[in-house]
Amino acid sequence: MKDDDNMNSDTKEIQNPLGTAPVGKLMMKFAIPSIIGMLVSAMYNMIDQLFIGRYVGILGNGATNIAFPFTTACMAVALLFGIGGASYFNLTLGMGNTKKPSYIAGNSLTMLVGFGVLISAVTLLFMTPLLQLFGSSDDILPYAKDYVFVSAFGFPFLILTTGGGHLIRADGSPKMTMTCNITGAVINIILDALFVIGFGWGMKGAALATVIGQFISAMIVIIYCINFKTVKLELKHLIPDLKIVKRISEIGIASCFNQLAIALVQIILNNSLKHYGALSVYGDSEPIACAGIIMKVNMIVFSIVIGLAQGTQPIESFNYGARNFKRVKDAYIIALKCGLLLSIIAFICFQIFPKQILSVFGKGTDTYFEFGVKFFRIFLFFTWLNCIQPITATFFTSIGKSFKGMFLSLTRQIIFLIPLAVIFPIFFGVFGVMYAAPVSDVAAFVITVSFVVKQMREMKKLEGYLTGSFLLETNIKRLLVFYPILYLTLVFEWCENRCDMPRVKLIVGTIIGVLFFVSVLGNIMCIRAWREHWRYLTHNL
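Scope of this entry: the structure provided in the associated data block. (Residues numbered from 1 in each chain as written. Predicted model: local features only at pLDDT ≥ 70, side-chain atom pairs only at ≥ 80, totals over all residues. Heavy atoms only, no water.)

**Focus on the overall build of the protein chain**
Convention followed: Secondary structure elements follow DSSP: runs of H or I no shorter than four residues count as helices, runs of E no shorter than two count as strands, and numbering proceeds from the N terminus. Any residue under 20% of the maximum accessible area for its type is buried, any over 50% is exposed, and the rest in between are partly exposed; the area is computed with a 1.4 Å probe on protein chains only. Only heavy atoms matter for contacts: two residues are in contact if any of them lie within 4.5 Å across the pair. Note on areas: Shrake-Rupley with a 1.4 Å probe; residue coverage comes only from the protein chains shown.
Summing up its helical and strand segments, the protein chain has 20 helices and 0 strands in all. When burial is assessed residue by residue, the protein chain has 54% of its 541 residues classed as buried. In the protein chain, of all internal contacts separated by at least 6 residues, the share reaching a separation of at least 24 is 82%. On the protein chain, roughly 23,900 Å² of surface is accessible, and the fraction owed to carbon and sulfur atoms is 70%.

In structure tokens:
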């Protein structure tokens, strides 16, 4: 019976399209719904920003920017247990285990809901001090409080929708993830128009429209999770298991840290813009409003890049678990090429049409547009390099190397941008905030490239061991080094025994000694190669 179970497991693994279908088609299947889902998630904030900017004003835009770290914190938790659970889910399936994925999915869902309720409660209890910590000015604070008070009730639904969408995608239903997000976004747009324009509810109306859209999306996620395709989810699978939660967290920590880093950067930028903006002609509110709009516009581009990266996650995780390294590399390279193309197009738009983009979000003063145009062109100057970092961080997370993924997630935001955003304004005033970003982008790019080049070399080497090319190389060394030299040694020894001239015997004896030494060296080379082969197999398989 056990043999039959193993055969069935192997059959399922072979038949799984993640391991057999063309990588390009799989990328289309998983990346496009993922991109649409990420775009829709980003559009939640963009839609509110559009209605608020046109019908509430600049201070309303500033309020959504101040409130943005709350949303980012929710996304951090969603990605921690969503991407972590999805990657672990696919890695386990790729290894042929059909029982453990149910517990992985169940534990992920429990953590998503639990942390959503926790963040909502903390936000409601400490709203005012948190908003002040996030850089709110006195003018913006009332608008921010109205918006966050209502939004906080939707945090559990936002987290469940985002994190659960990754699990649904890992289950092989990327279109359902897209449906969840699109449904919520469409409802949000309709209700935004009704509540903000029709009823005149302002900030509270925009927030309420968002919460209702998130609630509908979360209900769709719950209904799907009751009927998973590849596994059967039961109540016992929802009970937290410390070992499973720990492993999920280890895998998802890179994506989580990336979002937390974005939130921390947003807080520091807001405070720097508030402080140094007050010392300039722009004031303490206009720079915050401008930066908020520009960061959200860039988030649209970034969401597409992250969607590409997330689209590779099931492919990379499954095939790395199945030791099919060529497919892993193909998925990564396709995502990288698409990300670079998109980022270059975005860079051109940001440099040529900054004022036109700002105008979409409402009217403003001359100083407002002056600052916004400069912020667009300087802060996002190297946006075309930014795509490499999230794609590579997701790549390392997908193959189970969460520490490297986490480190790469921290490079731009934490290691470079935050210190520079604090130091540069001391010398350059409010413009120092802008100069910090391009310097950080270049530094993070260099580190990311060095990491991925090393990893590709390791996979190529390991792939050679697994395909047997290493054994062929070792045998060739034996044939070309050891055996011919041993043959020559015997020939020279035969000549020495039949020679009566002492000088000739000395020369021939010396040659024999050298050849014997070389033959021993050849054997040592083969032994070392075998030891290296064994070390790679034991440490990487």
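Back to the write-up after that little detour.
**Notes on the environment of tyrosine 147**
Inspection of the secondary structure assignment puts tyrosine 147 in helix H7 (residues 141-151). On a C-alpha basis, the gap between tyrosine 147 and methionine 203 in space is 5.2 Å, while along the polypeptide they are 56 residues apart.

**Some words on the packing of aromatic side chains**
For clarity, the threshold we go by: Two rings from Phe, Tyr or Trp (for Trp, the six-membered ring) form a pair when their centres sit within 6.5 Å of each other. Planes less than 30 degrees apart are called stacked, planes more than 60 degrees apart edge-to-face, and all others tilted.
Per the counting criterion, the structure on display carries 26 aromatic pairs. Centroid distance phenylalanine 199 to tryptophan 201: 4.9 Å. Interplanar angle 50°. Geometry classified as tilted. Looking at phenylalanine 199, the relative accessible area reads 44%, which means it is partly exposed. Using a relative accessible area of 43% as the deciding quantity, one classes tryptophan 201 as partly exposed. On the numbers, 5.4 Å between centres and 90° between planes, the contact of phenylalanine 428 with tyrosine 435 is edge-to-face. These aromatic residues form a ring-pair network of at least three members: Tyr282, Phe371, Phe375, Phe379 and Phe431.

**Some details on the side chain of threonine 92**
By the secondary structure assignment, threonine 92 is in helix H4 (residues 58-94). Here threonine 92 falls in the buried class, since its relative accessible area comes to 6%. With near-sequence residues (within four places) excluded, threonine 92 lies in contact with Asn97, Lys100, Pro101 and Ile104.

**Quick look at the packing of helix H5 (residues 100-125) against helix H11 (residues 242-278)**
Stated formally: Inter-axis angles, ranging from 0 to 180 degrees, are taken between N-to-C directions of lines fitted to C-alpha atoms, where helices are fitted over the stretch in contact. When describing relative orientation, an angle under 35 degrees is termed roughly parallel and one over 145 degrees roughly antiparallel, while 65 to 115 degrees is termed roughly perpendicular and anything else oblique. As a working rule, the residues Ala, Val, Leu, Ile, Met, Phe, Trp, Tyr, Cys and Pro are called nonpolar, Asp, Glu, Lys and Arg charged, and the rest polar, with Gly in that last group.
One way to put it is that H5 packs onto H11 with a least axis distance of 10 Å and a crossing angle of 75°. Considering their axes alone, H5 and H11 lie roughly perpendicular with respect to each other. Every residue of H11 that contacts H5 at Lys100, Tyr103, Ile104, Asn107, Ser108 and Met111 is listed here: Ile244, Val245 and Ile248. Residues of the contact of H5 with H11, tallied by class, amount to 6 nonpolar, 2 polar and 1 charged.

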